[in-house]
Amino acid sequence: MRRTVFEPDHELFRASVREFVERTLLPLDEDIRNERMLRREVWLEAGRQGFLGMQMPEQYGGQDAGDFRFNAVIGEELARVAAAYNSIVSIHVDICAPYLLELATEEAKAKWLPGFCTGETITAIGMTEPSGGSDLAALKTTAVRDGDAWVINGSKTFITNGGHADLVIVAAKTDPSRGAKGITLFGVEAGTPGFTRGTKLDKVGQPEADTSELFFENVRVPDSHVIGELDRGFIHMMERLPQERLSCAIANVAHARGVLEETVAYVKERQAFGQPIGAFQHNKFLVAELITKLDVAQAFVDQCLAAHVAGELDTADASKAKWWTSETQNQIIDGCVQLFGGYGYMREYRVARAWMDARVTKIWAGSNEIMKEIIGRSAGL
C-alpha cells in the first residue's frame, strides 16, 4: 500500500540518508559490533550531513526543519540496517534534543547545541536505575543544593550511549518527600569530577550500541545545568515520552520490514524437494500473514506520525503504537527465523541478529505492560 505521510522532500532526504548508510556506516558494521559502540567518525559525518540537527535552530548549526518526518526518515533507514543504529542516534536526535532545545538555559544551549549538531557532543539520557525500570517516580538518585551548585549522588543503568556520551541528561530527586513531584533534570558533562561509568553491559542483542551503567558521587553541577523547572522533571519527561515511543514504533516497523524483505528474497531462492521453499503453501501463507501484519502496523504508525507533526499525538495513541509494533516486530522476525531454518539461528545471518535485537523493544521506553496500563487508563479504567 502506498504511504502518504511523506512528501517529495522527505524522499529526497531519504536518498541522502541511505547514501550515508551505505558509504559510511555499512563498511564499519562489523567493527562497530565488535567494539560495541558507534565510532566518533560516524557521528561526525552524520553531523556534516546535517542529520543530527534537523530540529535545531540555525543559530546553533541546525537545519531548523520543524518537521519530525525528517527524523522519522533517519530512524527508518538506520533501523532497516540494524535496530541498534536507530536506538543510538534516536536517543540523541529524538529523545535528548527536545529537552535541550525546549528546556535548557540560554547559557547551556549556547554551550551544548553547536556540538550536538556536529557530532562533537554526543548525548544520553539517564532515567533508568538499578532498582527500577519503568517506574520513573521511584528514582533514588538525588541532587542537593550547595550554594550556587547542585550535588548529585546515585547511579543509572541500561543507558544507551552512556559509555561515550559527552553530555548526559540526568533525572534526580531534588525533593524526595514529594515523590514524582520532586524530580529535576540536570545536564552532566563528561569529565565532571565524581561522574564515572561502568563497563559496557553485555547484552543479548544490539551489540552495536554502547549501553552502560553511570555513577554519580558528589558530582557538582552549576545552576545553569538545570534543565527545565525545579521539581518538574517528571512532568517534563511525561510530556516528551510520546515522541520517544513514536520513535520506537517507527523503528520497530522499519526494522521488521528490512528483515522481511530479505526473507522473501531468500524463500524465492532456497530450494527444497525440487522447488523454492516459498512455493510451499504453509510458507506462502506465513509470508502472507507477516506482510499483512507489517502493513497494518505501518498504517497506524504513519497516522501517529501525521498526528505528531500536527501536534495532536496523545500519550495513549503513542503507547498503542509502541506496544503493538514491538509485538508485531517480534512476531514477524520470529517467523523469518523459521523460514530461514537452521541458518536463521546463525549469528552470521542478519535475521538471527535481528531476532536477538528485537526482544528488548517490548521492554524499553516503558514496558508493554506499562503501555497497556496507560491505554486502559485512557479508557477510564
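Here is what the cut-offs are and how they apply
Residues numbered from 1 in each chain as written. Predicted model: local features only at pLDDT ≥ 70, side-chain atom pairs only at ≥ 80, totals over all residues. Heavy atoms only, no water. Phe/Tyr/Trp six-rings, centres within 6.5 Å; stacked < 30°, edge-to-face > 60°. Helix = DSSP H or I, 4+ residues; strand = E, 2+ residues; numbered from the N terminus. Buried < 20%, exposed > 50% of the residue type's maximum accessible area, 1.4 Å probe, protein only. Polar contact = N/O pair within 3.5 Å; in protein donor to acceptor, adjacent residues only side chain to side chain. Salt bridge = Lys/Arg side-chain N within 4 Å of Asp/Glu carboxyl O.

What follows covers the packing of aromatic side chains. Throughout the structure, instances matching the rule amount to 11 aromatic pairs. When the centroid spacing of 5.2 Å and the interplanar angle of 5° are considered together, the rings of F195 and F216 count as stacked. Of this pair, F195 sits in strand 6 (residues 195-200) while F216 sits in strand 7 (residues 211-222), and the two are 21 residues apart along the sequence. On the basis of relative accessibility, which here comes to 4%, the residue F216 falls in the buried class. Aromatic side chains F273 and F280 sit 6.3 Å apart centroid to centroid with 90° between the ring planes, which places their arrangement in the edge-to-face category.

Time to look at the environment of E35. Within the secondary structure, E35 sits in helix 2 (residues 29-35). Separated by 172 residues in the primary sequence, E35 and P207 place their C-alpha atoms 8.3 Å from one another. Among the polar contacts listed, one links the side chain of E35 to the side chain of R39, at a separation of 2.6 Å.

What follows concerns the pattern of salt bridges. Scanning the entire structure with this criterion turns up 31 salt bridges. Ionic pairing is found between E45 and R23, a salt bridge with its closest N-O pair at 3.3 Å. Here E45 is found in helix 3 (residues 40-48), whereas its partner R23 is found in helix 1 (residues 8-25), with 22 residues between them in sequence. Here D223 ties to R145 by a salt bridge, and the two come within 3.1 Å at their closest N and O atoms. Of this pair, D223 sits in the loop between strand 7 and strand 8 (226-227) while R145 is found in strand 2 (residues 142-146), placing the two residues 78 residues apart along the sequence. According to the relative accessible area criterion, D223 is partly exposed, its value standing at 33%.

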